[in-house]
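Structure assessment
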Amino acid sequence: DIRHVVTSTDGQLVAAVTAGPDVRLIERDGQKTRWKVEVPGLSATAVRFSADGKLLAVVGENGFARLYD
């Protein structure tokens, strides 16, 4: 189950928050997962790319926020 999806500014990547403990970065054309990060116990709820597309912010219902390069 996917909770939240956002596309990078250049349209090449899709970031998705799943109902499980992970966030996935997927190549839009090939539907290949570029990376997956697990955030167990933190309940990620949303993701957002920075304006330049180099950072991905992950936020959750527990009040946490993490940035990934």
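Our subject is the structure listed above.
From a predicted model like this one, the values you see are computed outputs, not experimental measurements. (Residues numbered from 1 in each chain as written. Predicted model: local features only at pLDDT ≥ 70, side-chain atom pairs only at ≥ 80, totals over all residues. Heavy atoms only, no water.)

Taken together, four strands build an open sheet; the order of strands is β1-β2-β3-β4 and the sheet is antiparallel. Only two strands of the sheet have a single partner each, and these edge strands are β1 (2-7) and β4 (33-38). Each strand of the sheet is rotated relative to its neighbour by a mean of 15°, with strand direction disregarded. As paired strands, strand β2 (residues 13-18) and strand β3 (residues 22-27) are joined by five bridges and run antiparallel to one another. Each bridged residue has a counterpart across the sheet, and for Val 17 the counterpart in β3 is Val 23. (Pairing = 2+ DSSP bridges. Helix = DSSP H or I, 4+ residues; strand = E, 2+ residues; numbered from the N terminus. Axes fitted to C-alpha atoms, helices over the stretch in contact; angles between N-to-C directions.)

This part is about the pattern of salt bridges. Oppositely charged side chains can form a pair if their charged atoms are brought close together. The tally for this structure, following the rule as stated, stands at three salt bridges. Measuring nitrogen to oxygen at the nearest pair gives 3.5 Å for the salt bridge that ties Arg 34 to Glu 27. For Arg 34, a relative accessible area of 49% translates into the label partly exposed. Residue classification places Glu 27 among the partly exposed residues on the basis of a relative accessible area of 25%. Note that Glu 38 and Lys 36 form a salt bridge whose closest N and O atoms lie 4.0 Å from each other. (Salt bridge = Lys/Arg side-chain N within 4 Å of Asp/Glu carboxyl O. Buried < 20%, exposed > 50% of the residue type's maximum accessible area, 1.4 Å probe, protein only.)

Within this structure, the stated rule accounts for one aromatic pair. A centroid spacing of 5.7 Å and a plane angle of 45° characterise the contact between Trp 35 and Tyr 68, whose relative ring orientation is tilted. Taken together, the positions of Trp 35 in strand β4 and Tyr 68 in strand β7 (residues 65-68) put the pair 33 residues apart, joining distant regions of the chain. (Phe/Tyr/Trp six-rings, centres within 6.5 Å; stacked < 30°, edge-to-face > 60°.)

The topology assignment puts Gly 63 in the loop between β6 (56-60) and β7. Of the residues examined, Gly 63 reaches a relative accessible area of 68% and is grouped as exposed.

On to the pairing of β7. Summarising the sheet, β6 and β7 pair through four bridges and their orientation is antiparallel. Residue pairing for β7: Ala 57 is matched across the bridge by Leu 67. The antiparallel pairing of β6 with β7 creates a hairpin that spans four residues between the two strands, and Gly 63 there sits at a positive phi of about 85°.

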